[in-house]
Structures are given as structure tokens and as C-alpha cells.
Amino acid sequence: MAEKYKLIKDLVRMEIVDFTFPKKEYRTGRHDTVLPYNWALGPTWTRFFDGLKEGKIFGTRCKKCNKVLVPARTFCPSCYEDMEEWIELPQEGSVETWCLVNYKYYGQVKKPPYIIGQIRLDKANCSLTHFIGGFDLSDPDKVRRKMKTVSRVKAVWSKEKHGDIYDIAYFKPI
Amino acid sequence: MGRAVAVIGTGQTKHGRRDDLSYPDLVREAVKKVFEDAGITPKDVDGVVYGSMPSMMEGMAYNHFYFADALRVVGKPLLRTETCGSTGQSVAHTAIHWIASGMADVVLAVASEKEHEGDAQATMMTILEPFLMVTIGGAPVAFSLQSREWMGYYHIDDDKAREAASIVSVDSHDGGLKNPLAHIRVKLTKEDVSKAPIITYPVRLYDVCPTSDGACAVIFASEEKAKKICKKPAWVKGIGFRGEEYFIGDSNKAVWQSTIEASKEAYKEAGITNPLKELDVAEVYNPFSYQELMFLECLGLCPPGEAPDYVIKGTFSPGGELPCDPSGGVLCTNPIGAAGLIRVAEAALQVTGKAGEHQVEGAKLALSHAMGGAEQFNGITILGSEL
């Protein structure tokens, strides 16, 4: 069990630079809770992640409102209908919004600096949250100037795929 | 809306880093004050509502069990309500519903957070499932994305938005200086704000709320009880609450439907047709200065896309047409679970003339607001000096 905990901690924990309990007059008692979970992803997200492993981005279409949503959904959030029609989406899209993350915090999935974007893939009716990258992010002003010119992006795949959302490494400007 | 409901007392802790107290003692500090303010005893209370952020914030599931004694809840019914950042508004609404329905006459509403005992950003990471949306974990990311979406949607120039956000931050911090209970009490200039280190571009250090410990307690009462107990109650004129889809990319967050619809509902109930003219003060939830700009629009206080212009001309500054966050707002004090209830308490203080140095002269009608989740919930409570 201890090994399992360690594994989970190693996976999610990054160095916390600015989180220390200062010396103070009254005592604090240190107590950590680290709990392992196994989340059922169900048939829809299992297929979605299997798709990513094959280098494909899948959405599903609502038979009532015709919207294509990505990540694929079991049911349409507005119509509540089953979404059974699978659509392989183009790997290019438009940037709806972005932000440059420049600070470190616990549980972060990537070392800053990085850009998070909302990317509307062609043929999708919603935007997908993912990284935008493939260029120098060290100077925020340069990033701002660069991003002013970026409207279209394309998925770049990770060398090693594990059947998770990080199989897409990031979206690069085209 | 059912029976009329009023605020008959408020109590807040000194907010900030409160390592000097255990969590139950912190809650007690607010509860003691609310009973003193209302001039009643726990015997007069029919039920208690409590809320905070996910209990992981402080590392203990069901923290309201831990506070049972501090909440004076022994022998009484207890409800827990939580909706992330909008928890405080939800707690107030639960108390209001309870009384408006006729099932209770006097309800104690309490909300708190002790963020320094854990790691606030880490707790934020647990609000999203870890497989699909976790990349936007950490509050500044979600709200910076939203700010830029809004700037893009209305073609708002970066520099103009920057100037307006700086004014929001300076005004709030000036408010904080006048509020003895505020956490951050510092004089800032527009330049301090616009040159501060970048957190999540375009958001800089002083555009972001602090991590605070604090609790807030409010006692609500029915019309009959309020008139009997309280010389100057703050009457609930209208409330509204709306939720949205889980996936942040499913809807346009620049035209934020849950804020728009929740405020419309509250205005309708309060009989307000021109909120900018009719309201005297607004306690807008502003954990991020850029986000306050969006809220001003979505709350119908200025036309869409024009918040920066209104802010720059001083509409929402002290002495302006509708001063916002005279208490310093969330930018100065952010015990998250309590932050929405602090907005309600501050609105009550304003319409009853008890806000002290940060009182808006002659305020009769006040809006309070909070937002929660990854851009998922919005709640509004409007209070007035007249029934």
C-alpha cells in the first residue's frame, strides 16, 4: 500500500515553492491525507481515450440538436438524449481563448510556463480545453505578441501514448 | 417568493491568516458576534445552515460536525449547502427559502474557510475530474481564460482592459483600507497593479484575491420576528441563482448566462428595472479584477462590452453612480466558502447604515453576488432598507 501511495504522490506532486508553515506562537499539527481512487470511465470515455491512443479525436453527435461535442459524451447536456453517433473530428481548429500560466501550484499537470487554450475543433460545437505550445514561452510579452497572430492550431501527438488526454501533447499554431 | 425575510444581524471574524485560532474557535468568533449584533440567543433560532468549500480545503470531511458546538446547533436542525465560490450565496438562499416557506422563523447562516490550514489551489484541483478538465485546475487559469474570451468577443483592447482592471483593483484595495476586518490592507496605485508579476497572463498579482481564513454569520428572520426583534432590519428584496454545464467549453462564458439569468430573476423579484440607477451599492464577487469587469456587464449594470469604459469614467468607483465593493471585496478578503455570505452581510451593513468607515452615504438598496465552480454557478441576493 505504501508503494501505491508513493506512486500516486510522485504522479501528482510537484515541488511546492511557496507553501511552508511559518514559525508561530501557537502550534499547528501536521496531518496529510492521501487517498487512492479508481474512477470508472464508462464506455464513452473508454472509447474516447482508446481513440486518442490511436491518434484520433472523437466526438459524439446528439440526434436531437445535432451538436457534436468533444470530449465525446454519453448524453447531450441540453437535450438529455443519448449521443450514440461517433464522429472523428479534424485535428485542426480555432483558438477561442487562451492564458499563459506562469506560476507553480500543487497538482499542476505541467511545469509552467505553459498556455492553456479553448480550441474549437472544426466540425465541433464546443471547445476543447488543452495546451497550446511549440514555441518559446519564456517571455510573456513575446507570447502575447505571438498569440495575437495565432488563430488556427493543429494537434501535436505525444511520442508515447497512454490512452489519456495527454496523448495530445499540445496544439501548435499553423 | 413566499413570506418576507430580513437580515437581523451579521457577524464577521477578523479575516486574514488566523493561525492564532483553531477552526471551531474561528467559527465561534463570527457566531458570537452575530448573536451580539442581533440581540438574541441561540434559543431563539429554529435552525442552522452551514457551508464551506470542499472539506478537503482543511482536510476534514464534514467539517460542520467539528463545528457543531461553535454553530450552536446542538438540539437543532442543521443543513449543509455548498456550491464552491458561490457557497455563501447558497447558504443565504437556503436560510431565506427555509423562512420564506414558513417552516422556520429565525435561521442562523454560517460560512467559513481556513485556507492556511491546507492548500487552496490544490483543493481547487480537486473540483474538476482528473482526466479531461484538470488542465484548467487552479482558479486563475479558468478565470484568465474567461477574461480573454470576453476581451476577444467584444474586441476589447488589451491596454484598455488592463487600465480598467487596475482601477478595479485600486478601488477595492482602497476599500480594504477602510474595512478593519479586511485581510489585505494596502494602498496601491494603478502602476503597482499593472506592473505586478504575471500570474496567468493577463492576470497579475494584484488582480488576484488573497488566500484568507475567516468566517461570516448572518441571522435571517421572518417579517413578524424581524419587526419584533430588530430596529432596523435589512429586507431581502430578491434572490436569483443559476447553474451551467460542467465542461467549460460547452458555452460562451463572455456572455455569462448564469450571471445574466440569476440577476434578472433577482431584479424581477425586487421590482428593479434599471439596476444601475436604482441600486445604491453593489458587493460584486471579484476574486479577479478582470472578472469584475465581466460581472458588471452580466449583472446588467452597464452595456455588454462597455465595462472598461464605465470603470474608467468612474461609474463604479467610490463617489461614482454605483460604488462597487466598498468593503474591499474578494480582492482583499477571500475565505472562499464565506466570501459569498460576506457579500450578503456587507450589503446588509450598507442598507442599515452600519458599515462604518466604508459606508456608502444613504444606501437603501444593495446587490450582493457570488460565483462558483469552473465558471458554473452564480447567485444574487438583493437587500433593501424598506420592506
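All values reported here derive from a predicted model rather than from experimental measurement. (Residues numbered from 1 in each chain as written. Chains lettered and ligands numbered in written order. Predicted model: local features only at pLDDT ≥ 70, side-chain atom pairs only at ≥ 80, totals over all residues. Heavy atoms only, no water.)

Here we look at the overall build of chain B
Let me state the cut-off plainly: Put simply, DSSP H or I for four residues or longer makes a helix, DSSP E for two residues or longer makes a strand, and each gets a number counted from the N terminus. In this analysis, two residues are considered to be in contact whenever any of their non-hydrogen atoms come within 4.5 Å of each other. To be clear on the numbers: accessible area is Shrake-Rupley with a 1.4 Å probe, and residue cover counts the displayed protein chains and nothing else. When charges are counted, Lys and Arg contribute as positive and Asp and Glu as negative, whereas His and the chain ends are disregarded. For the purpose of locating charges, the reference atoms are NZ of Lys, CZ of Arg, CG of Asp and CD of Glu.
Secondary structure assignment for chain B yields 14 helices and 11 strands. Taking the intrachain contacts of chain B between residues at least 6 apart in sequence as the baseline, contacts between residues at least 24 apart amount to 77%. When the accessible area of chain B is evaluated, it comes to approximately 12,700 Å², of which 54% is carbon and sulfur surface. Averaging the positions of the 36 positive and the 50 negative side-chain charges in chain B gives two centres separated by 6 Å.

A closer look at the interface of chain A and chain B
As a reminder, the rule being used: By definition here, a salt bridge exists when the distance from a side-chain nitrogen of Lys or Arg to a carboxyl oxygen of Asp or Glu is within 4 Å. Pairing of N or O atoms within 3.5 Å defines a polar contact, subject to two protein rules: one partner must be a possible hydrogen donor and the other a possible acceptor, and residues neighboring in sequence count only if both atoms are side-chain atoms. Only Asp, Glu, Lys and Arg are considered charged, only Ala, Val, Leu, Ile, Met, Phe, Trp, Tyr, Cys and Pro nonpolar, and every remaining residue, Gly among them, polar. Between any two strands, pairing holds if DSSP finds at least two bridges.
Counting from both sides, the interface comprises 43 residues of chain A and, opposite them, 38 residues of chain B. Across the chain A-chain B interface, the total number found is four salt bridges. Among the salt bridges present, the one from Asp158 of chain B reaches Arg144 of chain A, with a minimum N-O distance of 3.1 Å. There are nine residue pairs in polar contact (both at pLDDT 80 or more) connecting chain A and chain B. Broken down by element, the residue count for the side of chain A that touches chain B peaks at six residues, all from strand E4 (residues 92-101) of chain A. Its residues placed into classes, the side of chain A that touches chain B shows 27 nonpolar, 10 polar and six charged. Pairing geometry for E4 of chain A and strand E5 (residues 198-201) of chain B, over two bridges, is antiparallel. Bridged to Leu100 of chain A within E5 of chain B is Tyr201 of chain B.

Section: the packing of helix H6 (residues 158-178) of chain B against helix H11 (residues 289-298) of chain B
All names here are of chain B. Applied cut-off: To get an axis, fit a line to the C-alpha atoms, keeping to the stretch in contact for a helix; angles then go from 0 to 180 degrees between the N-to-C directions. Any angle that falls under 35 degrees is termed roughly parallel, while one over 145 is termed roughly antiparallel, one within 65 to 115 roughly perpendicular, and all others oblique.
For the pair H6 and H11, the least separation of the axes is 8 Å and the interaxial angle reads 100 degrees. Between H6 and H11, the crossing angle belongs to the class labelled roughly perpendicular. Between H6, through Ala161, Arg162, Ala164, Ala165, Val168, Ser169 and Ser172, and H11, the contact on the second element is made entirely by Ser289, Tyr290, Glu292 and Leu293. Per-class residue counts for the contact of H6 with H11 are six nonpolar, three polar and two charged.

Digging into the sheet that holds strand E11 (residues 377-384) of chain B
Residue and element names in this part refer to chain B. Pairing is mixed across the open sheet formed by nine strands, whose spatial order is E3-E2-E4-E7-E1-E8-E11-E10-E9. Where the open sheet ends on each side, the last strands, each with one partner, are strand E3 (78-80) and strand E9 (281-283). In this sheet, adjacent strand axes meet at a mean angle of 25 degrees when their direction is disregarded. Bridge count between E9 and strand E10 (residues 365-372): three bridges; the pairing is parallel. Its bridge partner being in E10, Val281 is matched across the sheet by Ala366. The sheet strands contacting helix H14 (residues 336-351) are strand E1 (5-12), strand E4 (106-114), strand E7 (213-222), strand E8 (234-243), E9, E10 and E11, and the helix crosses E7 at an angle near 55 degrees.

A closer look at the layout of surface pockets
All names here are of chain B. Applicable threshold: Residues are called lining when one of their atoms sits within 4 Å of a cavity or pocket point, these points coming from a 1 Å grid over the protein atoms alone, where a cavity is a set in which a 1.4 Å probe fits but cannot get out and a pocket is an open set with protein on both sides within 12 Å along at least five of seven lines. Grid points are joined across faces, edges and corners, and a volume is the space filled by probe spheres set on the points. Each domain's extent was defined by an automatic or database domain assignment.
Roughly 1,100 Å³ of volume is contained in the second largest pocket. What lines the second largest pocket is a set of 50 residues, and nearest its centre among them are Ala120, Gln121, Cys209, Pro210 and Thr211. Contributing elements (two or more residues each) for the lining of the second largest pocket: helix H4 (120-125), helix H5 (139-153) and E10. Of the residues forming the lining of the second largest pocket, the biggest block, four residues, is contributed by H5. Looking at the lining of the second largest pocket residue by residue, the classes come out as 32 nonpolar, 13 polar and five charged. The residues that make up the lining of the second largest pocket include at least three from each of domain 1 (5-120 + 212-229) and domain 2 (133-210 + 237-384).

With respect to a nonpolar patch on the surface
In plain terms, the rule: For patches, a residue must show more than 30% relative accessible area and have no salt bridge; joins then use 9 Å for like charges and 5 Å for nonpolar side chains, namely Val, Leu, Ile, Met, Phe, Trp and Tyr.
On the surface, Leu35, Tyr37 and Trp39 of chain A cluster together into a nonpolar patch covering about 380 Å² of accessible area. For Leu35 of chain A, the location among the structural elements is in the loop between helix H1 (2-12) and helix H2 (42-53).

Thoughts on unusual backbone geometry
How we decide: Burial status follows relative accessibility: with a 1.4 Å probe on protein chains alone, a residue under 20% of its type maximum counts as buried, one over 50% as exposed, and anything between as partly exposed.
The omega torsion of the bond from Val70 of chain A to Pro71 of chain A falls at 0 degrees, within 30 degrees of zero and hence cis. Backbone torsion omega between Tyr201 of chain B and Pro202 of chain B reads 10 degrees, so that peptide bond is classified as cis. Mapped onto the fold, Pro202 of chain B is located in the loop between E5 and strand E6 (203-204). Backbone geometry at Asp325 of chain B places phi at a positive 50 degrees, although glycine is not the residue there. Position of Asp325 of chain B among the secondary structure elements: in the loop between helix H12 (307-312) and helix H13 (329-332). The exposure class assigned to Asp325 of chain B is buried, which follows from its relative accessible area of 1%. One non-glycine residue with positive phi stands out, namely Glu375 of chain B, at about 60 degrees. Along the polypeptide, Glu375 of chain B turns up in the loop between E10 and E11.

Some thoughts on the pairing of E4 of chain A
Residues and elements named next belong to chain A. Of all the 10 residues making up E4, seven are buried; the element is thus mostly covered by neighbouring parts of the structure. Where E4 and strand E7 (residues 152-157) come together, three bridges link them in antiparallel fashion. From the neighbouring strand, Ser94 faces E7, where its bridge partner is Arg152. Pairing of E4 with strand E5 (residues 114-121), which is carried by eight bridges, proceeds in the antiparallel orientation. Opposite Trp98, over in E5, you have Gly117 as the bridge partner.

Considerations on the confidence of the model for chain A
Note that predicted coordinates carrying low pLDDT should not be read in detail. In plain terms, the rule: One confidence number per residue, pLDDT, is output by the predictor and ranges from 0 to 100.
Of the residues in chain A, 86% have a pLDDT of 70 or more, and the chain-wide mean is 86. Note that pLDDT drops below 50 for residues 1-21 of chain A; the model gives that stretch 23 contacts with residues more than four away or on any other chain.

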